[in-house]
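Residue-level structure breakdown
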Amino acid sequence: MGSTSAHNNEGLGRRDLIKRSAALGLIAVPTMSFLSACASGDSSSDDKVEKGEKTDKNPLAVNGSAPLEIVIFDGGFGTKYAEDAKAVYEKTYPEAKVKFSATQKIQSVLQPRFNGGTPPDLIDNSGAQQMDMGVLVGKKQLTDLTPLLDAPSIDDPAKKVRDTLRPGIVEMGQFDGDPVWIMYYAYTVYGVWYSQTALEKLDATYPETWDDMLALCAKAKKEGIAGWTYPGKHPYYLPFSLYPFIAKIGGVEVLDAIDNLEPKAWEHPAVKAAFEAYYELVAKGYILEGTPGLDHRGSQGAWARGKALFIPNGSWVENEEAAIIPKDFKLSVGAPSGLDSSDKMPFGTIWASGGEPFIVPSKAKNPEGGLEQLRIMLSEASSKSFTTSTKSLSAFNGGTDGIELSDGLKSGVAALEKAGTNVVNPRLQDWYVKLQKEQIGVAALGEMMAGRAKPAETIKKIQAFADATAKDQSIKHFKHQ
């Protein structure tokens, strides 16, 4: 995606016809604070382990007797896939002692270790307490993964690892220039998730226009079903459908300008139209009551039990809520509904990109072991383990042969096929974590969707946050190349 300034568009059609009703009553939205990730890290770790002998079977020169430490985020994907890959490493290097742990508190558990110069060798840096990628890259706290990408793949030594990955995965791990700092292991489809069965009971199909979306929400409300819910305590889930909605309305260059922290990027008419459309859900009472007080599991649980039709989410939701999603649910994902005929991109435009970011710290004692574990994970066998246990695609371009795909996964694959080249990949969530989560998400979108702020003041607040981030010289800044 190129870097293009956001310019005003005329004739936004339905945008001028939307009438706003009164805002919902006050609903409490919990506050949220985030730590600043890995701000120091000047201390030195002990000497790195001695490298092993580089051979055809050991292209990364792993020391087969050196200890290896892995920390995995225990979230929607669980840990089975990572444990399966660890078992392969242990079989390959039987003398190595592998320490494996899982947590949902990545930042609070690992930040002190980064600051002390004693980080693990491989980390799945994900979840609500994800460490800020931009900070990690800017402070040179990560190992360049290029040697891994240029190493021969497990399945076919004639192919480099980079040649076995899905489109866009390598580029996502780059921040400025050629080095690759992050391996996004999952391939996530973001969008509006719903039950096809629930729509069938309402004699409805997935709405392709916003007028149809509102009409369906009104119909559902008469049946005692809310139109939407979302993780109110983590409202940065809303962009999973809101950002591609903005792109559909105004073009991908609007998202590029936002990512690039360009002045007035958030004042683009496409942003205004998208925010006003989402605010209609609030003003007309189409949001599940109590949503602002729900966390991700609470909102997903309510949705899975049929209390709301739609939820903005990623493809991990199928695995995360597998225990409560009914067998006849027919889990599906929809691209954002269109606004009107003046939209710049076609229906089907969707956000899909790498997820579950794995990193090897620059001060890891055994970085070669961390890279080798990733090489194992990027094999067909490990990819099948991931897809089977998580119902999600991996970064490996394949790994689905012989697997019976779940409803959600089939729907995600179909959505990608429909999108074709109309796949967007906003970068705020990994370039500027604090801006995306704490400021845009909690302080701005969370307030608007709770009915405590109107779209215009929300946009003004977000633009101020973005401008402050752009001017902050302590923050490493990035741009689309």
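Small disclaimer: the values here were computed from a predicted structure and weren't measured.

Conventions adopted
- Residues numbered from 1 in each chain as written.
- Predicted model: local features only at pLDDT ≥ 70, side-chain atom pairs only at ≥ 80, totals over all residues.
- Heavy atoms only, no water.
- Buried < 20%, exposed > 50% of the residue type's maximum accessible area, 1.4 Å probe, protein only.
- Helix = DSSP H or I, 4+ residues; strand = E, 2+ residues; numbered from the N terminus.
- Pairing = 2+ DSSP bridges.
- Salt bridge = Lys/Arg side-chain N within 4 Å of Asp/Glu carboxyl O.
- Axes fitted to C-alpha atoms, helices over the stretch in contact; angles between N-to-C directions.
- Parallel < 35°, antiparallel > 145°, perpendicular 65-115°, else oblique.
- Left-handed = near helix turned anticlockwise from the far one by under 90°.
- Contact = heavy atoms within 4.5 Å.
- Nonpolar A, V, L, I, M, F, W, Y, C, P; charged D, E, K, R; others polar.
- Core = buried A, V, L, I, M, F, W, Y, C linked by side-chain atoms within 4.5 Å.
- 1 Å grid on protein atoms, 1.4 Å probe; cavity = no way out; pocket = protein on both sides within 12 Å on 5 of 7 lines; lining within 4 Å.
- Points joined across faces, edges and corners; volume = space filled by probe spheres on them.
- Domains from an automatic or database assignment.
- Buried area = accessible area lost by both parts, 1.4 Å probe.
- Polar contact = N/O pair within 3.5 Å; in protein donor to acceptor, adjacent residues only side chain to side chain.
- Expected span 1.5 Å × (residues − 1).
- Bend = angle between axes of the 7 residues up to and from the residue.

Here we come to the pairing of strand S4 (residues 183–195). For S4, the buried fraction is high: 13 of the 13 residues fall into the buried class. Where S4 meets strand S9 (residues 393–394), two bridges bridge the pair, whose relative direction is antiparallel. Directly across from Tyr187, in S9, lies its bridge partner Leu393.

Moving on, we come to the pattern of salt bridges. In the structure shown here, the tally under the stated rule is 14 salt bridges. Note that Glu321 and Arg297 form a salt bridge whose closest N and O atoms lie 2.6 Å from each other. Here Arg297 lies in helix H11 (residues 296–304) and Glu321 lies in the loop between helix H12 (317–320) and strand S7 (331–334), a separation of 24 residues in the sequence. Here Arg297 falls in the partly exposed class, since its relative accessible area comes to 39%. Lys384 serves as the salt-bridge partner of Glu380, at 3.9 Å between the closest nitrogen and oxygen. Of this pair, Glu380 and Lys384 both sit in helix H14 (residues 380–390), four residues apart, roughly one helical turn. Judged by its relative accessible area of 28%, Glu380 falls in the partly exposed class.

Next up on the list: the pairing of strand S8 (residues 350–359). Burial within S8 is extensive, with ten of its ten residues counted as buried. With two bridges connecting them, strand S3 (residues 122–124) and S8 associate as antiparallel partners. Of the residues in S8, the one forming a bridge with Asp124 is Phe358. The pairing of S8 with strand S10 (residues 423–424) spans two bridges and is parallel.

Let us now look at the packing of helix H17 (residues 433–449) against helix H18 (residues 455–471). Helix packing for two helices is described by the angle between their axes and how far apart those axes are. At a minimum axis separation of 9 Å, H17 and H18 run at an interaxial angle of 165°. What the angle tells us is that H17 and H18 run roughly antiparallel. Handedness of the H17/H18 crossing: right-handed. Contact with H17, carried on its side by Leu435, Gln439, Ile440, Ala443, Ala444, Leu445, Glu447 and Met448, involves Pro455, Thr458, Lys461, Ile462, Phe465, Ala466 and Thr469 of H18 and no other residues of that element. Partitioned by chemical class, the residues of the contact of H17 with H18 number ten nonpolar, three polar and two charged.

Here we take up the nonpolar core. Judged by nonpolar contacts, the single largest core of 137 residues is most densely connected at Trp210, Trp228, Ile246, Trp266, Phe275 and Phe310. For this core, the element with the highest residue contribution is helix H10 (residues 269–283), accounting for eleven residues.

Turning to the layout of surface pockets, a few remarks are in order. Of the voids in this model, the largest pocket is the one considered here, and its volume is about 670 Å³. Along its surface, the largest pocket is lined by 29 residues, and Phe73, Ser126, Gly127, Ala128 and Tyr237 are the ones closest to its centre. Secondary structure elements with two or more residues in the lining of the largest pocket: S4, S8, helix H16 (428–431) and H17. When residues in the lining of the largest pocket are grouped by element, the largest group, four residues, is from S8. For the lining of the largest pocket, the per-class residue count stands at ten nonpolar, 14 polar and five charged. Formed jointly, the lining of the largest pocket draws a minimum of three residues from each of two domains, domain 1 (68–188 + 354–409) and domain 2 (189–352 + 425–471).

Here Gln300 is to be found in helix H11. Residues within four places of Gln300 in sequence aside, it is in contact with Tyr237, Ile311, Asn313, Trp316, Val317, Glu320 and Glu321.

This next bit is on the domain arrangement of the protein chain. For the protein chain, the domain assignment lists domain 1 (68–188 + 354–409) and domain 2 (189–352 + 425–471). Using C-alpha coordinates to define each centre, domain 1 is positioned 28 Å away from domain 2. Residue-level contacts link 27 residues of domain 1 with 24 residues of domain 2. Summed over both partners, the interface of domain 1 with domain 2 comes to about 1900 Å²; 46% of that surface belongs to carbon and sulfur atoms. On the domain 1 side of the contact with domain 2, Gly76, Met172 and Thr188 bury the most area, a combined 30% of that side's loss. Taken together, domain 1 and domain 2 are joined by eight residue pairs in polar contact (both at pLDDT 80 or more). Secondary structure elements with two or more residues in the side of domain 1 that touches domain 2: helix H3 (133–138), helix H5 (169–172), S4, H14 and helix H15 (407–419). Its residues assigned to classes, the side of domain 1 that touches domain 2 comprises nine nonpolar, 14 polar and four charged.

Given 3.6 residues per turn, any residue in an α-helix points the same way as the ones three and four places further on. In this model H17 runs just 20 Å from its N-terminal to its C-terminal C-alpha over 17 residues, more than 12% under the 24 Å that 1.5 Å per residue would give. When the local axis directions of H17 are compared, the greatest deviation, roughly 45°, occurs at Gly441. In terms of burial, H17 is a largely internal element, 13 of the 17 residues being buried. Trailing H17 by a residue or two, Gly451 shows a phi angle of about 85°, which is positive.

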